[in-house]
Amino acid sequence: MNTQLQPQGIIEPAIVTEQDMADAIRALAMDGVQKANSGHPGMPMGMADIATVLFNRFIKIDPSHPDWPDRDRFVLSAGHGSMLQYALHYLIGYEDMTVEELQRFRQLGARTAGHPEYGHALGIETTTGPLGQGIATAVGMALAERMSNARYGDGLVDHYTYVIAGDGCLQEGISHEAIDLAGHLKLSRLIVFWDNNSISIDGPTSLSTSMNQLARFQAAGFDVQEIDGHDFDAIGRAISRARVSNKPSLVSCRTIIGKGAPNLQGSEKTHGAPLGEAEVAAARHTLKWSAAPFEVPEAILERWSDAAARGAAERVKWLNRVASAPEGTAFLSTVDREIDTSLFDELAEFRRTHQAKATKVATRKASEMVLGIINAATDLTIGGSADLTHSNLTLTAGMEPIKPGSYAGRYIHYGIREHAMSAAMNGLALHGGFIPYGGTFLAFSDYARGAIRLSALMGQQVIYVMTHDSIGLGEDGPTHQPIEHLAMLRATPNLNVYRPCDIVETAECWEQALKDHNRPSLLVLSRQNLPMCRPANSEENRSARGAYILRATSEPSSVTLLATGSEVEIACVAADMLSAEHGIGARVVSMPCWELFEQQPCEYREAVLGTAPRIGIEAAARLGWDRYLGDGGIFIGMEGFGASAPAAALYDHFGITPGAVVEAALRLAA
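Just so we're clear, the structure is a prediction, and the values are computed from it rather than from any experiment.

Visitor: For the overall build of the protein chain, give the residues involved together with the corresponding values.
Guide: A count of helices and strands for the protein chain gives 26 helices and 20 strands. Relative to its length of 670 residues, the protein chain is compact, with a C-alpha radius of gyration of 28 Å against a globular reference of 26 Å. With the principal axes as the frame, the protein chain shows a C-alpha extent of 95 × 55 × 45 Å. Within the protein chain, buried positions represent 63% of all 670 residues. Positive and negative side-chain charges of the protein chain, numbering 55 and 77 respectively, have mean locations separated by a distance of 2 Å.

Visitor: Just give me the short version of the confidence of the model for the protein chain, but keep the residues and values in it.
Guide: Summarising the model, the protein chain shows a mean pLDDT of 96, and 98% of its residues fall at 70 or more. Confidence drops under a pLDDT of 50 for residues 1–13, and excluding neighbours within four residues, the segment shows 30 contacts in the predicted structure.

Visitor: Before we move on, could you go through the pairing of strand E17 (residues 557–563) and cite the residues and values that matter?
Guide: Within E17, five of the seven residues are buried, which leaves it mostly tucked inside the rest of the structure. Summarising the sheet, E17 and strand E18 (residues 585–590) pair through six bridges and their orientation is parallel. Its bridge partner lying in E18, Ala563 is registered against Ser590. You can see the chain leave E17, run along helix H21 (residues 567–582) and come back into E18, and the turn it takes is right-handed. Bridge count between E17 and strand E19 (residues 614–617): four bridges; the pairing is parallel. Residue pairing for E19: Thr560 is matched across the bridge by Arg614.

Visitor: Quick one: what's the story with the sheet that holds strand E13 (residues 496–498), residue by residue and with numbers?
Guide: Spatial strand order, E10-E9-E11-E12-E14-E13: six strands in an open sheet with parallel pairing. Sheet topology places strand E10 (411–413) and E13 at the edges, where each strand pairs with a single neighbour. Recorded for the sheet is a direction-independent mean angle of 20° between the axes of neighbouring strands. Bridge analysis of strand E12 (residues 463–467) against strand E14 (residues 521–524) gives four bridges, and the strand direction is parallel. Bridge pairing links Tyr464 to Leu522 in E14. Helix H17 (residues 418–431) contacts strand E9 (381–385), E10, strand E11 (435–441) and E12 of the sheet and is inclined by roughly 170° relative to E11.

Visitor: Tell me about helix H12 (residues 298–324), residues and numbers included.
Guide: Compared with an ideal rise of 1.5 Å per residue, which puts 27 residues at 39 Å, H12 spans 39 Å between its outermost C-alpha atoms and is within 8% of the ideal. Along H12, the residues classified as buried are Ala299, Ile300, Leu301, Trp304, Ala307, Ala308, Gly311, Arg315, Trp318 and Val322. The inward-facing, buried residues of H12 contact helix H1 (18–36), helix H3 (48–58), helix H4 (82–92) and helix H13 (328–335).

Visitor: Report on the sheet that holds E17, specifying residues and quantitative values.
Guide: The strand order E16-E18-E17-E19-E20 describes an open sheet built from five strands, whose pairing is mixed. Two strands bound the open sheet, and with one partner strand each, they are strand E16 (548–551) and strand E20 (634–636). Neighbour-to-neighbour, the strand axes of this sheet turn through a mean angle of 30°, independent of strand direction.

Visitor: Describe in detail H17, supporting the description with residues and values.
Guide: For H17, spanning 14 residues, the distance from its first C-alpha to its last is 20 Å, which sits close to the expected 20 Å at 1.5 Å a residue. One or two steps after H17, the chain reaches Gly432, where phi turns positive at roughly 100°.

Visitor: Before we move on, could you go through unusual backbone geometry and cite the residues and values that matter?
Guide: Both trends apply: most residues other than glycine have a negative phi, and most peptide bonds are in trans. Non-glycine residue Phe294 carries a positive phi angle of around 65°. A relative accessible area of 8% places Phe294 in the buried class. Notably, His468 is not glycine yet its phi reads approximately 55°, a positive angle. Along the chain, His468 turns up in the loop between E12 and helix H19 (485–490).

Visitor: Before we move on, could you go through the side chain of Thr112 and cite the residues and values that matter?
Guide: By the secondary structure assignment, Thr112 is in the loop between helix H5 (99–103) and helix H6 (133–152). In this structure the side chain of Thr112 is engaged in a polar contact, spanning 3.4 Å, whose partner is the backbone nitrogen of Phe105. In this structure Thr112 touches Tyr86, Met97, Glu101, Leu102, Arg104, Phe105 and Arg106, once residues within four positions along its chain are discounted.

Visitor: Mind laying out the environment of Gly630, listing which residues take part and the relevant values?
Guide: Looking at where Gly630 falls in the secondary structure, it is placed in the loop between helix H24 (626–629) and E20. With a relative accessible area of 35%, Gly630 lands in the partly exposed category. As a C-alpha pair, Gly630 and Ile615 span 15 residues in sequence and 9.5 Å in three-dimensional space.

Visitor: Could you give me a rundown of the nonpolar core, with the residues and numbers involved?
Guide: Ranked by size, the top nonpolar core spans 125 residues in total, and within it Phe193, Phe222, Trp304 and Leu522 carry the most contacts. Residues in contact with Leu522, not counting those within four places in the same chain, are Leu442, Ile452, Tyr464, Met466, Leu489, Leu495, Asn496, Val497 and Tyr498.

Visitor: How would you summarise the packing of aromatic side chains if you had to cite specific residues and measurements?
Guide: For the structure on display, the rule yields 16 aromatic pairs. Each ring, one from Tyr152 and one from Phe331, has its centre 5.2 Å from the other, and the planes form 75°; the classification is edge-to-face. Taken as a pair, Tyr152 in helix H6 and Phe331 in helix H13 lie far apart in primary sequence, 179 residues in all. Relative to Tyr447, the ring of Phe444 has its centre 5.9 Å away and its plane inclined at 10°; by these criteria the two rings are stacked. Residue class for Tyr447 comes out exposed when judged on its relative accessible area of 54%. Put simply, the rings of Trp594, Phe597, Tyr604, Trp625, Tyr628 and Phe635 touch in pairs and so form one group of aromatic residues. Taking NZ or CZ as reference, Arg490 lies 3.8 Å from the ring centre of Trp594, over its face.

Visitor: Summarise the environment of Ser422; cite the residues concerned and give the values.
Guide: For Ser422, the location among the structural elements is in helix H17. Along the primary structure Ser422 and Glu279 are separated by 143 residues, whereas in three dimensions their C-alpha atoms are 42 Å apart. Not counting the four nearest positions on each side in its chain, Ser422 is found in contact with Ala448, Ala451 and Tyr464.

Visitor: Quick rundown of the pairing of E11? Include the residues and the values.
Guide: Across the seven residues that make up E11, a large majority, seven, are buried. Across three bridges, the pairing between E9 and E11 is parallel. Bridging across to E11, Thr381 finds its partner in Ile435. Note on the crossover from E11 through helix H18 (residues 445–458) to E12: the handedness is right-handed.

Rules behind the numbers
Counting restarts for each chain: residues are numbered from 1 in the order of the written sequence. Residue-level local features of this predicted model are given only where pLDDT is at least 70; pairs of side-chain atoms are given and counted only at 80 or more, and the full residue set underlies all totals for whole chains, interfaces and linings. Hydrogens and water are ignored here; the side-chain numbers use all heavy atoms of the structure. In this description a helix means any DSSP run of H or I spanning at least four residues, a strand means any run of E spanning at least two, and both kinds are numbered starting from the N terminus. We take the radius of gyration over the C-alpha atoms and set the globule estimate at 2.2 Å times the residue count to the 0.38 power. Exposed residues in this analysis have more than 50% of their type's maximum accessible area, buried residues have under 20%, and partly exposed residues fall in between, with area computed by a 1.4 Å probe over protein chains only. When charges are counted, neither His nor the chain ends are considered; positive counts come from Lys and Arg and negative counts from Asp and Glu. For the purpose of locating charges, the reference atoms are NZ of Lys, CZ of Arg, CG of Asp and CD of Glu. As a per-residue measure, pLDDT reflects the predictor's confidence and takes values from 0 up to 100. Note on definitions: a residue-residue contact is assigned when non-hydrogen atoms from the two residues lie within 4.5 Å. Only strands that DSSP links by at least two bridges are regarded as paired with each other. With the strands aimed away from the viewer, a crossover counts as right-handed if its path from the first strand over the helix to the second runs clockwise. Axis lines are fitted through C-alpha atoms, for helices just across the contact stretch, and the angle between N-to-C directions can take any value from 0 to 180 degrees. Helices are assigned an expected span. That span is 1.5 Å times one less than the residue count. Throughout this description, a polar contact denotes any pair of N or O atoms lying within 3.5 Å of each other; where both atoms belong to protein, one of them has to be capable of donating a hydrogen while the other can accept it, and for residues adjacent in sequence the pair is counted only when both atoms sit in side chains. As used in this record, nonpolar core signifies buried Ala, Val, Leu, Ile, Met, Phe, Trp, Tyr and Cys residues forming a set joined through side-chain atoms within 4.5 Å. Pairing of aromatic rings covers Phe, Tyr and the six-membered ring of Trp, with a centre-to-centre limit of 6.5 Å; geometry is then stacked below 30 degrees between planes, edge-to-face above 60, and tilted otherwise. Each ring is checked for a lysine NZ or an arginine CZ that lies within 6 Å of its centre and within 35 degrees of its normal; such an atom marks a charge sitting over the ring.

What follows is the structure, given as structure tokens:
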């Protein structure tokens, strides 16, 4: 370090260096982890120099207005190093990141959670921790910036997405999907700093990988640099070069994990455990840092405040540009995701029309028809598919695709990258200005699961279009036939899972997904044609209540048939057979969204379920159904995996038929 702190921890403003600023990060990081007796000090100490140059010289943020739309985005993909971000936020002046919060690191109710959590503290752009999610989400943010820029120009949209990623992020498979997509699309505003310290939890990274990451990123279409991650001038030159590249950038930062801890730096021992009091004291001596724990000399704080002042000035200039731009008002309305209510009037008319026509289509086709109305009415929606566009039916008339270097379209060909697609959609939603939806087969929700979970955890309006929803897809066989997936998805908190039974319910589910701004929605859609099940038009969106009595009985009900999606048709046919052939009254309840049903008042739920014995019908696993079936209820569905055959033969083979429902009802009535 060029300048030594005075014994009292006082330093003259004129001689505060970036080294001093970086050491403030190191001190706060090791203090926070030590006090919590838990955490990861190594990465914050190793990457402190990179973060200092980025925030001191380049990044455009205003901590007093953390949601300013044209701010730069900073993503700590290596989220275990969260004390790096918390220290930065304290140093540059986010009002909610106080010394007390740093001292409460990893404690219940603290803003300083073990990993950065979106919504827990100001300025955290996305939840990270599951390795690779951050870099993949950042791809969506960088894409959103380019798309918004194509619509509104440099005057309103002109920012970067910066990522700090570790070895673990780059080893995760999602990173390959994400960088491939970013390089292909030439997302030049994406800059990734790789904390290349050659250390993993188990020891040296050579235990498990020999990958030439620079060659991999270069092959994916990135501009690649390698620097000494502790050389401030080299860091500045690398960032300057990356900002003017016409490609996304990787800066490989050769760093020392735990830098400053004289006996442990460079070792896996600094990765995921406190340094210990003795090593913290030794590090203070090595760094010549004499300030008390959690204290930063005022002169260093003043130097750090310059980054916030620079960002505040940029924000004021931007506000002036918005005020004078003809498209300024339109831009701000997209940030708030404002949808004209006339769209919902159009959807109501769509339901009336097709109920009267008794339109029979697959719900994936019904979804396409509904999307045609939605996409024509608002340009907030951004579509896409993981290479299944013409199976998911997610592309509607007039939607132009996004292409490398050309971002004015509204449709994204994600390629066979279900996981990265879902993470990128999170990034599009988090960036603001868009409502993303993307499709794949329901069976491949397994591949997307990590990002779907984060959609729910962060409460983001991401809409998943999952088609080919059951054994009804037929000949592709058990690898493509989802069985346990509905149970897994329904078990996910804050995720609405919709399985509509016909075109009317499909329109209702899409409407609700557009109205739910604070949670993701997942539409489960059939490959096979389904008849109109709604006996009469309803001006009310009945699917918005999660479940409802589709068909009542004139005679006292002897059994209640509960079903979702394509099996509602089976329930209706069975109800007719029970009435005509056996004189048994059977109520049919359609349950398109269990999550919304659980939110209804107890009285409503009791009225819908009734007191008669119940039969549940769904071409999927039983798990979750027993809460509705009650004691003695019967489930008709799948007990194992599917098979390859035409859909009708499969339903017969697995006993998911009206006849099987009738037999079950007769057993209950006996």
